[in-house]
Amino acid sequence: MATLGDVAARAGVSVSAVSRVLSDAPSARVSAATRQRILDAARDLAYRPNFADRAQKSARTQVIGLVVPDLTNALFTELMHGAEDEAAEHKYTVLLGRSDDVRPGGEVIARLIGEGRVDGMVLQVGDGVAPAGLGAVLDAPAPIVLINSTAPGHIGSVALDDETGARIATEHLVSLGHERIAFANGLPRSFTAKRRRIGYKAAMAAAGLPVPKGYETRLGYTERNGRAALHRLTALDPAPTAIVVANVNAAVGLVAEARAAGIAVPRDLSVAYVHDSWTAENTWPPLTAVKMQFYAMGRTAVRGVIRRIETGEMADDTITDPAPELVVRESTAPRPRAASRRRTTPDRHPPIGTPDR
């Protein structure tokens, strides 16, 4: 039995283009010649729509896709639980997947939607994927809600209150008497990193504290990125006495590298980060965190997809209730009375690493 992929290969177009043309989707912006080539290929291969398309158009699978960059990332556990709980209340099932294929030319998501295997999708892409590259995916004839990102012209996204999260972490360090507070941030193009940067800057400005040149790194969210950020920041003169880290994975790497370099946390350096997870509670020292509402985001995103499926309405949401919550652990302490102004440069020099969420 011929598939959408077979038709696409014969016509020399993408699967998403075939899906839109064969379903008469309004988003099928193709030339008359391309449309005819697709129709001819479908006829020659005796293509027949399957799953929901084999039944009446209103038929549904009652399945919603949830696609994230890394299923093993502890940050996404609460997100998945929230998505599954919301879906179950509406008698939907959640299909989990990774977003490796969400890139120009990627076809998996287009096929899931185009062949009627899912009624809609919640999608978070990695920092390495530019919003402009999502056009073909977002044109699919099914509702897609983006999480922690936006795309030009696309309505339907859910974000956490990143600005407040970073502001709370920074304010906690200010309350402990720290004045030289650095920020280990994500990549410059990252949607979440941009928002967390605003919160950090706002807290520093409200406290009347300067942000010296070099006090913000923008290397990414991986453990290796956190290690590299530690090297850059402790090489400054004067070095910071505290660091806000924009992500748990980078925070774990940063603290591990500090320990290897003989920098005592929190005696010599206080560390607080945005997002909480069990990994940070079980490292040493346990890390002070701002707990973000991933569970609520999962529920809100799935609720948005179902609303679009059943009513056609789509909206953008920012999770502000419940609010981000400070969880104080052993990685933060009052500023040392005589904070060292010496350069502290660890012996090892790890690579900066690659972008990831």
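Just so we're clear, the structure is a prediction, and the values are computed from it rather than from any experiment.

### Concerning the confidence of the model for the protein
- Here the protein averages 82 in pLDDT, while 79% of its residues score no lower than 70.
- Residue range residues 51-58 is modelled with pLDDT below 50. Its contacts to residues more than four positions away, or to other chains, number 7 contacts.
- Long-range and interchain partners of residues 340-357, a stretch whose pLDDT sits below 50, account for 57 contacts in this model, where long-range means more than four residues apart.

### Structural notes on the packing of helix H2 (residues 15-22) against helix H3 (residues 32-44)
- Closest axis-to-axis distance for the H2/H3 pair is 10 Å, and the angle between their directions is 85 degrees. Comparing their axes, H3 and H2 come out roughly perpendicular. For the pair formed by H2 and H3, the contact residues are Ala17, Val18, Val21 and Leu22 on the first element and Arg35, Ile38, Leu39 and Ala42 on the second.
- Looking at the contact of H2 with H3 residue by residue, the classes come out as 7 nonpolar, no polar and 1 charged.

### Quick notes on helix H1 (residues 4-11)
- Buried residues of H1: Leu4, Gly5, Val7, Ala8 and Ala11, and no others. Taken around the axis of H1, the buried residues stretch over an arc of 160 degrees, which confines them to a single face. Turned more than 90 degrees off the buried face of H1, the exposed positions are Ala9 and Arg10.
- Directly beyond the C-terminal end of H1, a positive phi value near 75 degrees is found at Gly12.

Rules used throughout
Residues numbered from 1 in each chain as written. Predicted model: local features only at pLDDT ≥ 70, side-chain atom pairs only at ≥ 80, totals over all residues. Heavy atoms only, no water. pLDDT = per-residue confidence, 0-100. Contact = heavy atoms within 4.5 Å. Axes fitted to C-alpha atoms, helices over the stretch in contact; angles between N-to-C directions. Helix = DSSP H or I, 4+ residues; strand = E, 2+ residues; numbered from the N terminus. Parallel < 35°, antiparallel > 145°, perpendicular 65-115°, else oblique. Nonpolar A, V, L, I, M, F, W, Y, C, P; charged D, E, K, R; others polar. Buried < 20%, exposed > 50% of the residue type's maximum accessible area, 1.4 Å probe, protein only. Arc of directions from axis to C-beta.

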